[in-house]
Amino acid sequence: MQEIIEGRVWTLGRDVDTDQIISGKYLTIIDPNELKKHVFEIALPAFAKEARAGDILVADENFGSGSSREHAPQAMRAIGVGAVVADSFARIFYRNAINLGIPTIEARGVRAIFETGDTARIELRAGVVRNVRTGASVEFPPIPHHLLELLEAGGLVEKVRAELAARKAAGASP
Amino acid sequence: MSEGNGHGQTLAEKILARASGQERVVPGEIVEGRVDLAMMHEQGAQTVAPFHQMGAERVWDPDRVVIAIDHWVPASTEGAAVLHRILRKFAAETHLPHFYDVGNHGICHQILAENGWVVPGDLAVGTDSHTNMLGAMGAVAAGIGPTEMAAVLALGRLWLKVPPSISVEVRGQFGRGVTAKDLVLRVLGEVRTTGATYKAVEFSGPTIGRMSMPERFTICNMTTEMGAKTGMVAPDQTTFDYLAPIAKHAMHPMRSDPDARYERTVEIDVEGMPPMVACPYSPDNVRPLPDVVKEHVRVDQVFLGSCTNARIEDLREGAALMKGEKVAPGVRFIVSPASTKIYQQCLAEGIIETFTEAGAVFTNSSCSACFGGNMGILAPDEVCASSSNRNFPGRMGAKEARIYLMSPAAVVATAIRGEISDPREMQ
Ligand code: SF4
């Protein structure tokens, strides 16, 4: 995981729920590369076509509320979203995104300092998000150690794989 | 953790202390909790790939895993058929015996409830956000995503941040035509959709003490709409009586200490409270039903269903209002029981006959029209009255469609009149 993440910003409003990220009619799609064509169809229609790897999403409060569908962060990962920053997150989305290894940062007041098209620079350990164009910045509390470990491992799959492999090597039953 | 000593613990803290093998835990602390029950529905199909990528060879405890398909039952699209097939194959390969397949199906949360899969003191997780409903058993029950579920299946545990608790204390008697659904909508109007994010919402007070388990399921179900990690009711005689014949594993009943610390206490007196309705486009956009009735809101579709309100008690209440009446011209009324067992009860009690004679469609038990991906999908600009739990843009189909959430009684009154109506005016 990079210490510093920089990327082009897409902004979103408050209460963007998972129905608006990937709507119910696409829930039988498993292939993330297929899913990504429909991401934000309701909340931000231009995104699916124009987003590039490394882009950063900046949202207002309660991002990702609603259902537990992992399709939402999976589609973002398939696009290669560099980070998701929001004033606040709904809990299952936050867990899902971290578990998939997407840097997910709760920074109060962040939405107010960005417009779509700006460049954001995130310093993970220092706990700062900066708008490169305007110089404005907000700070965020350090990401808990446990979650940093998860991100560093590349997500939950990698972390559990390492744990199971270590157990196997030690001769314990899985 | 000395800051946590010196005062009592909440129910959620006690359950997570037990799950993580500690004396006590404090809000904000991250713990590894041992899982008592893991539930998957169709989204569980996405658990299979990460499970294998993790190098897992077996499921930690097949007797603690339930699979219940519910969103598309029987499969209504090829995509859904594939999800079902992935799950059946996975269940066969990893020897998971508790699979509620087509013919023995129902909404996953109802399947857990009516078969006693979650009991007091449990830490339960499911691949659906309304897993919160099972907290009504006096458990911590939370929704998780499929990758996380893969880790749970492999290890039998997961990381959790110990949530602060919000206490919702309820007193007073419900008036005629006012229900648990109206109460939880009222609480949503106060706590709002972000007011309980990452938190546990614990209901207590004399009104809750008198509630049946189905009513408790309804109120815990909609704590998801408050952002909560779980909704809960401390177990009492009602819980034990409900679970005694069906509990699948040992209970560890606990309750909050009298001096437990709550982040916030919401006091509600339901005496004189009118029925409530959540207006488009958010479950916390709550108004007294009589105010909305005055606006003569015409509806195109009415839905009596979902994990919030499609139990036998809800359908009986609806049928009593429907008896001898007709669905208003131009209105499509869809009734979907929450499980096959409830379907059979409806059949035995003449409830299916009552609804179909009135001109309603009585469907097979499933999530049905609740999520806009299976059936009963709304066209742009249509209006729907629903007993379900979400009215976000696009939830039941077109993003412009408008959904009003209300009690089963109000839904039936609305189906009869063709516009949003107050069930108290019906008899
Ligand atoms: S009934 Fe609706 S809210 Fe409940 S599990 Fe099904 S889709 Fe989700």
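Quantities reported herein were computed from a predicted structural model and do not represent experimental measurements.

(A) Summary view of the pairing of strand 3 (residues 65-68) of chain B. All names here are of chain B. Neither face of strand 3 is left uncovered, since the one carrying Val65 and Ile67 and the one carrying Val66 and Ala68 both have all their residues buried. The sheet contact formed by strand 2 (residues 37-40) and strand 3 spans three bridges and is parallel. When the bridges of strand 3 are listed, Ala38 appears paired with Val65. Crossover connection from strand 2 via helix 2 (residues 45-53) to parallel strand 3: handedness right-handed. Relative to strand 4 (residues 99-100), strand 3 is paired through two bridges, and the arrangement is parallel. Pairing of Ala68 across the sheet is with Tyr100, part of strand 4.

(B) Quick look at the confidence of the model for chain B. Scored by pLDDT, chain B has a mean of 96; 98% of the residues are at 70 or more. Scoring the predicted complex yields pTM 0.93 and, for the interface, ipTM 0.87.

(C) Representation of the domain arrangement of chain B. All names here are of chain B. Split into domains, chain B comes out as domain 1 (11-268) and domain 2 (276-425). Across the contact, 35 residues belong to domain 1 and 35 residues belong to domain 2. Overall, the association of domain 1 and domain 2 removes approximately 2,900 Å² of surface from exposure, summing both partners, and the carbon and sulfur fraction of that is 55%. Three residues, Ile107, Lys181 and Leu185, lead the burial of domain 1 against domain 2; their summed loss comes to 20% of the area buried on that side. On the surface where domain 1 and domain 2 come into contact, there are two salt bridges. Two residues, Arg192 and Asp284, come together in a salt bridge whose shortest N-O distance is 3.1 Å. Taken together, domain 1 and domain 2 are joined by 26 residue pairs in polar contact (both at pLDDT 80 or more). Going through the elements one at a time, helix 4 (108-114), helix 6 (180-191) and helix 8 (213-221) are the ones with two or more residues in the side of domain 1 that touches domain 2. With six residues, the top contributor of residues to the side of domain 1 that touches domain 2 is helix 6. Along the lines of polarity and charge, the residues of the side of domain 1 that touches domain 2 split into ten nonpolar, 17 polar and eight charged.

(D) Looking closely at the packing of aromatic side chains. Counted under the stated rule, the structure contains 14 aromatic pairs over all chains. Geometrically, the ring pair formed by Phe63 of chain A and Phe89 of chain A is edge-to-face, given 6.2 Å between the ring centres and 80 degrees between the ring planes. With Phe63 of chain A in the loop between strand 2 (56-59) and helix 4 (71-79) and Phe89 of chain A in the loop between strand 3 (83-86) and helix 5 (91-99), this pair connects stretches of sequence that are 26 residues apart. No difference in accessibility class separates Phe63 of chain A from Phe89 of chain A, as the two residues are buried. Judged by centre distance (6.4 Å) and plane angle (75 degrees), the rings of Tyr94 of chain A and Tyr198 of chain B are edge-to-face. One end of the pair, Tyr94 of chain A, is in helix 5; the other, Tyr198 of chain B, is in the loop between helix 6 and strand 9 (200-204), on a second chain. For Tyr94 of chain A, a relative accessible area of 13% translates into the label buried. Tyr198 of chain B sits in the partly exposed class, given a relative accessible area of 26%. In this structure an aromatic cluster arises from ring pairing among Trp10, Phe40, Phe47, Phe63, Phe89, Phe93 and Tyr94 of chain A together with Tyr198 of chain B. The lysine or arginine in question, Lys248 of chain B, covers the ring of Trp117 of chain B, its NZ or CZ lying 5.0 Å from the ring centre.

(E) Representation of the environment of Ala112 of chain A within the structure. Residue position: Ala112 of chain A is located in the loop between strand 4 (104-106) and strand 5 (119-123). Residue Ala112 of chain A is classed as exposed on the basis of its relative accessible area of 74%.

(F) Seen up close, the interface of chain A and chain B. Taken residue by residue, the interface counts 43 residues in chain A and 50 residues in chain B. Buried surface at the junction of chain A and chain B, both sides included, amounts to about 3,700 Å², of which 57% is carbon and sulfur. Of all residues in chain A, Thr28, Arg91 and Arg95 of chain A give up the largest surface area on contact with chain B, accounting jointly for 19% of the area buried on that side. Its salt-bridge partner being Arg395 of chain B, residue Asp19 of chain A comes within 3.4 Å of it at the nearest N-O pair. Viewed at the interface, chain B and chain A are joined by 14 residue pairs in polar contact (both at pLDDT 80 or more). For the side of chain A that touches chain B, the element with the highest residue contribution is helix 7 (residues 156-169) of chain A, accounting for eight residues.

(G) Region of the structure containing the site of the ligand. All names here are of chain B. The ligand sits among His71, Ile107, His109, Asp128, His130, Ser306, Cys307, Cys367, Cys370, Phe371, Asn389 and Arg395. Class assignment for the residues of the shell around the ligand results in five nonpolar, five polar and two charged. No fewer than three residues from each of domain 1 (11-268) and domain 2 (276-425) sit in the shell around the ligand.

(H) A look at the state of the cysteines. Residues and elements named next belong to chain B. Applying the stated criterion to the full structure yields zero disulfides over all chains. Cys220 takes part in no disulfide bond, and the closest cysteine sulfur to it belongs to Cys307, at a distance of 12 Å. On the basis of relative accessible area, Cys220 is assigned to the buried category, the value being 0%. Classification of Cys307 as buried rests on a relative accessible area of 8%.

(I) Up close: the pairing of strand 2 of chain A. Residues and elements named next belong to chain A. Side chains Ile56 and Val58 of strand 2 all project onto a buried face; the interleaved residues Leu57 and Ala59 project onto the opposite face, where all are buried too. Relative to strand 2, strand 1 (residues 4-11) runs parallel, the two being bridged by three bridges. Residue pairing across strands places Val9 opposite Ile56, the latter belonging to strand 2. As defined by bridge partners, strand 2 adjoins strand 3 across four bridges and the pair is classed as parallel. When the bridges of strand 3 are listed, Leu57 appears paired with Val84. Regarding the hand of the β-α-β motif, the stretch spanning strand 2, helix 4 and strand 3 is right-handed.

Thresholds applied
- Residues numbered from 1 in each chain as written.
- Chains lettered and ligands numbered in written order.
- Predicted model: local features only at pLDDT ≥ 70, side-chain atom pairs only at ≥ 80, totals over all residues.
- Heavy atoms only, no water.
- Buried < 20%, exposed > 50% of the residue type's maximum accessible area, 1.4 Å probe, protein only.
- Helix = DSSP H or I, 4+ residues; strand = E, 2+ residues; numbered from the N terminus.
- Pairing = 2+ DSSP bridges.
- Right-handed = clockwise from strand over helix to strand, strands pointing away.
- pLDDT = per-residue confidence, 0-100.
- Domains from an automatic or database assignment.
- Contact = heavy atoms within 4.5 Å.
- Buried area = accessible area lost by both parts, 1.4 Å probe.
- Salt bridge = Lys/Arg side-chain N within 4 Å of Asp/Glu carboxyl O.
- Polar contact = N/O pair within 3.5 Å; in protein donor to acceptor, adjacent residues only side chain to side chain.
- Nonpolar A, V, L, I, M, F, W, Y, C, P; charged D, E, K, R; others polar.
- Phe/Tyr/Trp six-rings, centres within 6.5 Å; stacked < 30°, edge-to-face > 60°.
- Lys NZ or Arg CZ within 6 Å of the ring centre and 35° of its normal.
- Near = heavy atom within 4 Å.
- Disulfide = S-S within 2.5 Å.

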